[in-house]
Amino acid sequence: MSYNPNEIEAKWQKIWESEKAFEPSDSLEQKKKYILSMFPYPSGRIHMGHVRNYAIGDAIARYYRKQNYNVLHPIGWDAFGMPAENAAIKHKLHPKKWTYENIEYMRKELSALGLSFSHTREFATCDPLYTKWEQEFIIKMYESGLLFRESTTVNWCESCHTVLANEQVEEGCCWRCDNPVQLKEMPGYYLDIIKYADELLTDLKILEGKWPQQVLTMQENWIGKSEGLEFEFELSEESKAKLHGRFEKYTVFTTRPDTIYGVTYSALAPEHPITKYIVEHGLVESKIAQKITHIANMAERERAQSEKEGHALGITVIHPLTGEEIPVWTANFVLASYGGGAVMAVPAHDERDYEFASKYNLPIKRVVGAEGELPFTGEGKLVDSAVFSGLNNQQAKAKIIAMFEEAGFGKGKVNYKLRNWGVSRQRYWGAPIPFVHCQQCGLVSEKIENLPVALPDDVEITGEGNPLDSHPTWKYCSCPKCGQEAIRETDTLDTFVQSSWYQFRYATNPKKWNEIGIDKEDAAYWMGVDQYIGGIEHAILHLLYARFFTKVLRDLGYHDINEPFTRLLTQGMVLKDGAKMSKSKGNTVDPDKLIEKYGADTARLFILFAAPPQKELEWNDNAVEGAFKFIRRLFERADRVVRNELPNIDHEALGKESKLARQKVYEALQKSKDVYEKTFAFNTLIAACMEALNALDKQDDGAVWSEGMYVMLNLLEPIIPHAAWELSEVLFGRANLSDVLKVKDEVFVHDSILYVVMIGGKKRAEIEVSPDASSEEILALAKEAGSKWLESMSIIKEVVVPGKLVNLAVKPAG
RNA sequence: GCCUCGGUGGUGAAAUUGGUAGACACGCCAGACUCAAAAUCUGGUGAGCUUGCUCGUGUCGGUUCGAGUCCGACCCGAGGUACCA
């Protein structure tokens with residue numbers, strides 16, 4: 001047969017579409033697999049990263065379908081977000097139109113790849129029906145206290161005109177546009193992810209061995225749990241008076257309570273209320289006040305990189321154990337958002353405190369270890385620490401915390417680096433936050449029956465300010481509670497909110513989509529996602545938020561799932577000339593053109609053959625050609641097939657080459673289970689099939705050819721589906737595709753076994769040994785074969801590895 | 001700095017988890033076909049030399065009959081994180 005990819009790919013795609021071949025069954029009884037590749041942002045065109053992502057997911061989905069699983073393999077669109085608004089500004093296109101046109105185009109591109117998606121479950125996250133349920137979740141979260149509105153210092157990107165979540169700041173810059181992030185005081189909506197920090201951390205253990213270690217470690221570090229002591233510094237009487245009695249004390253957190261006798265000063269963040277009060281009330285020189293204000297207004301990045309700087313605030317606090325008066329400073333390295341924005345400073349045992357104390361000539365008092373260089377942050381015995389002197393510092397930690405708790409001065413405390421998730425964005429193209437501001441009632445959530453609060457279509461997008469805010473009528477409404485005039489919230493939700501629950505939406509039968517957001521029974525059947533596939537760049541952002549949302553929606557009663565993604569595969573990037581493919585570098589390969597030239601099967605085969613999915617993939621045009629030739633060879637060899645079913649073969653009667661060919665075929669089959677279910681090393685399975693085809697070519701038994709093609713097409717169907725369906729249809733009426741194949745053990749039975757003879761650890765000879773030979777017989781043969789190397793040697797040890805090799809350890813005789 | 005993952009021919013990569021290093025493919029070389037080229041097919045292809053031996057999986061050491069694989073120290077690369085008290 002000749003191979004015409006364009007013709008057969010169009011033919012089968014049409015058949016799959018009209019037969020709705022890949023829709024899962026509604027029955028919730030059958031064994032199931034939920035295979036999900038991360039949904040795309042509809043940016044306009046697909047790129048090779050998408051092709052790789054969906055080729056991997058599709059191969060796994062098709063494999064399980066062949067194993068008679070009920071398979072859910074959906075696709076959708078992560079459709080809200082900034083590029084749509086930027087396009088609107090640039091090309092005067094409405095974000096909605098831009099987005100849906102892109103979806104239309106990309107859907108066509110993806111369908112050319114022959115992906116086995118369940119299209120009845122497809123949706124875009126900007127569909128009002130999706131927004132409706134999301135807004136309901138947000139309101140329930142508000143009612144349960146998990147969502148709150150407050151005014152704090154936020155990360156602000158001036159170029160995107162919006163607030164960023166902590167996770168969206170990369171090295172002090174905006175994750176989208178790379179502009180330096182400013183700190184700004186603003187009201188916003190927050191999700192209390194810290195409340196779930198401990199569960200998010202401990203449940204990482206469930207994922208061990210199923211998620212890449214790298215991702216688990218990144219999440220662990222991001223959550224950043226640390227245990228220590230929280231206590232209060234009381235201001236001296238004089239200082240209280242100086243602050244007009246407005247402040248009595250403040251809280252500090254330390255992971256080193258064992259060093260508390262070494263405290264020589266305390267430092268507050270420039271944003272700390274006491275610092276602010278002092279600056280605003282002229283309690284320090286105006287020059288110093290200016291400097292402090294300057295620090296507070298610096299961009300986060302700049303501040304982190306600048307030298308340690310601080311100013312004495314002219315107040316003191318009382319050491320809770322010694323009663324000493326300790327000076328209070330403000331310092332640029334104290335973070336407002338962590339541990340109360342204040343620290344006790346122990347310069348002898350903390351590098352930062354030491355650097356600061358050295359610069360400003362503050363006293364340094366050693367309390368751990370007898371001698372050696374300072375600062376010393378290691379383990380040791382306490383000195384000059386009253387009753388705790390002489391204790392090992394680890395023991396002292398526990399005792400000092402216990403003592404504080406007993407005396408009521410403080411308590412053991414767990415802190416997290418993780419910050420609460422700021423979900424409001426000052427942008428148009430997102431899901432509106434369903435709240436109104438009422439003069440009478442304050443912040444009020446919209447009534448559930450009024451959802452969705454939909455975006456107005458008639459907006460002018462200029463890039464200046466939030467179009468919802470400047471819309472003439474949209475924000476004016478009546479209060480859902482008292483009916484008075486009120487103002488609608490004009491902030492929209494972070495787009496990561498949509499991608500935090502889409503996996504549950506797919507799992508919900510679309511027949512119920514109008515009535516319900518997430519169906520509990522459907523979720524119990526389909527969730528968690530058995531295999532999730534996506535880029536490592538989502539290791540923290542999306543994967544942490546989605547895990548969090550899953551737990552929150554569980555606690556709100558929507559379902560009973562603890563973790564959304566049972567197994568995770570992070571695919572490597574697609575490179576060309578050693579660099580990531582990008583338009584700006586001009587090293588892209590256009591998937592459409594590739595498919596036009598070689599067909600989708602070649603594209604899929606190359607991508608899965610060139611490297612294991614977890615690794616980076618270097619593009620190679622010649623190797624693409626090679627992939628095409630392999631498929632063409634399969635078509636050419638179809639003529640060798642003489643039976644239209646799996647033949648029964650008398651193995652013993654075959655010639656040597658035919659026996660070897662059968663062995664290669666079944667080696668490939670044996671390998672396939674591991675590849676499709678565990679390692680995803682498709683490259684090795686494809687190589688095994690190539691070996692099998694090479695071996696088949698060296699013999700001409702028609703039955704062996706028939707069996708070989710029957711099995712190989714079954715194994716390759718998930719990778720090159722169009723070619724496999726076409727050949728299987730013609731040769732076997734597709735019976736081989738629905739068959740769950742079994743390995744035939746007789747092909748691995750041999751008349752003789754090859755043993756490698758090693759002498760002194762070096763390979764010296766090979767011997768053919770009968771399968772039932774004893775160790776003694778094998779050794780005798782080995783010694784004979786290796787006699788040349790045994791002359792004037794004496795054997796000190798004889799090792800026989802059954803079925804493999806003989807190793808004779810030797811030393812010179814005499 | 002800290003954490004994680006890597007380092008194997010000219011290239012992409014294999015190696016049943018401690019058992020013949022380099023499967024499979026790309027490239028290259030030679031041959032066949034051709035007036036010629038392309039395409040196709042066949043064979044070869046880790047390095048070195050004295051042509052059957054030596055060396056060879058980032059470097060150095062260790063364990064073992066046997067190490068790409070395990071242990072220790074180091075070098076290099078990629079990613080993450082960065083004043084979290």
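Residues numbered from 1 in each chain as written. Chains lettered and ligands numbered in written order. Predicted model: local features only at pLDDT ≥ 70, side-chain atom pairs only at ≥ 80, totals over all residues. Heavy atoms only, no water.

## Quick look at the overall build of chain A
Argument step 1. Summing up its helical and strand segments, chain A has 28 helices and 30 strands in all.
Argument step 2. Relative to its full complement of 814 residues, chain A shows a buried share of 54%.
Argument step 3. For chain A, long-range pairs separated by at least 24 residues make up 72% of all intrachain contacts whose partners lie at least 6 apart in sequence.
Argument step 4. For chain A, the exposed surface amounts to about 36000 Å²; the carbon and sulfur share of it is 49%.
Argument step 5. Across chain A, the mean location of the 96 positive side-chain charges is 2 Å away from that of the 116 negative side-chain charges. (Helix = DSSP H or I, 4+ residues; strand = E, 2+ residues; numbered from the N terminus. Buried < 20%, exposed > 50% of the residue type's maximum accessible area, 1.4 Å probe, protein only. Contact = heavy atoms within 4.5 Å. Areas by Shrake-Rupley, 256 points an atom, 1.4 Å probe, with all protein chains shown as cover. Lys, Arg positive; Asp, Glu negative; His and termini not counted. Charge placed at Lys NZ, Arg CZ, Asp CG, Glu CD.)

## Quick notes on the sheet that holds strand β26 (residues 617-618)
Argument step 1. Strands sit in the order β25-β24-β26 across an open sheet of 3 strands; the sheet is mixed. With one partner strand each, in any of the chains shown, β25 (579-580) and β26 form the two edges of the open sheet. (Pairing = 2+ DSSP bridges.)

## Overview of the pairing of strand β27 (residues 753-759)
Argument step 1. Counting buried residues along β27, 5 of its 7 residues qualify, which places the element largely inside the surrounding structure.
Argument step 2. Two strands pair when backbone bridges link them, and β27 and strand β28 (residues 762-769) are joined in this way by 7 bridges, in the antiparallel orientation. From the neighbouring strand, I753 faces β28, where its bridge partner is V769.
Argument step 3. Following β27, the chain reverses through 2 residues before pairing antiparallel with β28; G760 in that reversal takes a positive phi of roughly 60°.

## Here we look at the environment of Y41
Argument step 1. Inspection of the secondary structure assignment puts Y41 in the loop between β1 (32-37) and α2 (48-66).
Argument step 2. Here Y41 falls in the buried class, since its relative accessible area comes to 18%.
Argument step 3. With 136 residues separating them in the primary sequence, Y41 and C177 have C-alpha atoms 16 Å apart.

## A word on the packing of aromatic side chains
Argument step 1. All chains considered together, the criterion is met by 46 aromatic pairs.
Argument step 2. Here W16 and W725 contribute two aromatic rings whose centre-to-centre distance is 5.3 Å and whose plane-to-plane angle is 80°, an arrangement assigned as edge-to-face. With W16 in helix α1 (residues 5-19) and W725 in helix α25 (residues 721-732), this residue pair connects regions lying 709 residues apart in the sequence. Taken individually, W16 and W725 each receive the classification buried, so the pair is uniform in this respect.
Argument step 3. Here the aromatic rings of W421 and Y545 are separated by 3.7 Å at their centres, their planes lie at 5°, and the arrangement is stacked. (Phe/Tyr/Trp six-rings, centres within 6.5 Å; stacked < 30°, edge-to-face > 60°.)

## Quick look at the protein's contact with RNA strand B
Argument step 1. Close to RNA strand B lie 55 residues; T254, T255, K308, R352 and A610 are nearest.
Argument step 2. Atoms of RNA strand B within 4 Å of the protein: sugar and phosphate make up 62%, bases the balance.
Argument step 3. Between RNA strand B and the protein, one listed contact pairs a sugar or linking oxygen with a side-chain N or O atom of T254 at 2.8 Å. (Near = heavy atom within 4 Å. Polar contact = N/O pair within 3.5 Å; in protein donor to acceptor, adjacent residues only side chain to side chain.)

## Section: the domain arrangement of chain A
When the parts of a complex come together, some accessible area is lost, and that lost area is often taken as the interface size.
Argument step 1. We note that the domain assignment places domain 1 (29-144 + 197-212 + 426-571), domain 2 (147-191), domain 3 (225-416), domain 4 (621-747) and domain 5 (750-812) within chain A.
Argument step 2. Inter-centroid distance (C-alpha atoms) of domain 3 to domain 5 is 72 Å. (Domains from an automatic or database assignment.)

## With respect to the pattern of salt bridges
Argument step 1. Across all of its chains, the model carries 49 salt bridges by this definition.
Argument step 2. Linking R107 and E104 is a salt bridge whose minimum nitrogen-to-oxygen distance equals 2.9 Å. Taken together, the residues R107 and E104, both in helix α4 (residues 95-111) and 3 residues apart, mark about one turn of the helix.
Argument step 3. Residue classification places R107 among the partly exposed residues on the basis of a relative accessible area of 28%.
Argument step 4. With a closest N to O distance of 3.3 Å, E237 and K240 form a salt bridge. One end of the pair is E237 and the other is K240, both in helix α9 (residues 237-242) and 3 residues apart, which spans about a single turn.
Argument step 5. Of the residues examined, E237 reaches a relative accessible area of 59% and is grouped as exposed.
Argument step 6. Linked by salt bridges that have partners in common, E199, D203, R547, K551, R554, D555 and E563 make up one network. (Salt bridge = Lys/Arg side-chain N within 4 Å of Asp/Glu carboxyl O.)

## Thoughts on unusual backbone geometry
Argument step 1. At the junction of L451 and P452, the peptide bond is cis and its omega measures out at 0° in the coordinates.
Argument step 2. Cis geometry is adopted by the peptide bond preceding G528, which originates at M527 and carries an omega value of -5°.
Argument step 3. Tracing the backbone shows G528 in the loop between α17 (520-526) and β22 (531-535).
Argument step 4. In this structure, F680 is a non-glycine residue whose phi angle is positive, near 60°.
Argument step 5. By the secondary structure assignment, F680 is in the loop between α22 (656-679) and α23 (682-697).
Argument step 6. For F680, a relative accessible area of 3% corresponds to the buried category.

## Re α23
Argument step 1. Helix length check: α23 (16 residues) gives 23 Å between terminal C-alpha atoms against 22 Å at 1.5 Å per residue, within 8%.
Argument step 2. Residues F682, N683, L685, I686, A688, C689, A692, L693, A695 and L696 constitute the buried set of α23.
Argument step 3. Buried-residue contacts for α23 involve α2, α20 (600-609), α21 (621-636), α22 and α24 (702-716). (Expected span 1.5 Å × (residues − 1).)

## Brief notes about the nonpolar core
Argument step 1. Core analysis: the biggest nonpolar cluster contains 174 residues, and M141, W421, F548, W619 and F682 have the highest contact counts within it.
Argument step 2. Each residue touching W619, except ones within four places of it in the same chain, is listed here: M48, V574, L575, K576, M581, V589, L594, F606, I607 and V624.
Argument step 3. Residues F233, L243, I278 and V367 belong to the second largest nonpolar core, which totals 36 residues. (Core = buried A, V, L, I, M, F, W, Y, C linked by side-chain atoms within 4.5 Å.)

## Here we look at the pairing of strand β7 (residues 182-191)
Argument step 1. Across 10 bridges, strand β3 (residues 147-157) lies against β7 in antiparallel orientation. Among the inter-strand pairings, S151 is bridged to a residue of β7, identified as P187.
Argument step 2. When β7 meets strand β15 (residues 421-422), the two strands line up antiparallel, connected through 2 bridges. Looking across to β15, one finds that L191 is bridged to W421.

## Comments concerning the sheet that holds β1
Argument step 1. Strands sit in the order β2-β1-β22-β23 across an open sheet of 4 strands; the sheet is parallel. Only two strands of the sheet have a single partner each, and these edge strands are β2 (70-72) and β23 (568-571). For this sheet, the mean angle separating the axes of adjacent strands, direction not counted, is 15°.
Argument step 2. Pairing of β22 with β23 involves 4 bridges; the strand directions are parallel. From the neighbouring strand, I533 faces β23, where its bridge partner is L569.
Argument step 3. With respect to the sheet, α2 is in contact with β1, β2, β22 and β23, its orientation differing from that of β1 by roughly 175°. (Axes fitted to C-alpha atoms, helices over the stretch in contact; angles between N-to-C directions.)

## Remarks on helix α14 (residues 393-407)
Argument step 1. Taking 1.5 Å per residue as the helical rise, α14 with its 15 residues ought to reach 21 Å, and the 20 Å between its terminal C-alpha atoms agrees with that figure.
Argument step 2. Taken together, the buried positions of α14 are occupied by N393, A396, K397, I400, I401 and F404. One face of α14 carries all of its buried residues, which in axial projection span an arc of 130°. Those residues of α14 that are exposed and aimed more than 90 degrees away from the buried face are A398 and E406.
Argument step 3. On its buried side, α14 packs onto β8 (225-235) and β14 (410-416).
Argument step 4. The backbone nitrogen of Q394 lies 2.7 Å from a side-chain oxygen of the residue at the head of α14, namely N392.
Argument step 5. Remark: G408 follows α14 within two positions and exhibits a positive phi of approximately 75°. (Arc of directions from axis to C-beta.)

## Looking at the packing of α20 against α25
Describing two packed helices takes the angle between their axes plus the distance from one axis to the other.
Argument step 1. Contact geometry for α20 and α25: axes closest at 7 Å, N-to-C directions at 120°. Classified by the angle between their axes, α20 and α25 sit oblique to one another. On the side of α20, the interface is formed by A600, D601 and R604, while α25 contributes P721, H722 and A723.
Argument step 2. The residue makeup of the contact of α20 with α25, split by class, is 3 nonpolar, 1 polar and 2 charged. (Parallel < 35°, antiparallel > 145°, perpendicular 65-115°, else oblique. Nonpolar A, V, L, I, M, F, W, Y, C, P; charged D, E, K, R; others polar.)

## Considerations on the packing of α20 against α21
Argument step 1. At their nearest, the axes of α20 and α21 sit 8 Å apart, and the two run at 115° to each other. Judged by the twist between their axes, the crossing of α20 over α21 is right-handed. For the pair formed by α20 and α21, the contact residues are D601, T602, L605 and F606 on the first element and A623, V624, A627, F628, F630 and I631 on the second.
Argument step 2. Each residue belonging to the contact of α20 with α21 can be placed in one class, and the counts come to 8 nonpolar, 1 polar and 1 charged. (Left-handed = near helix turned anticlockwise from the far one by under 90°.)

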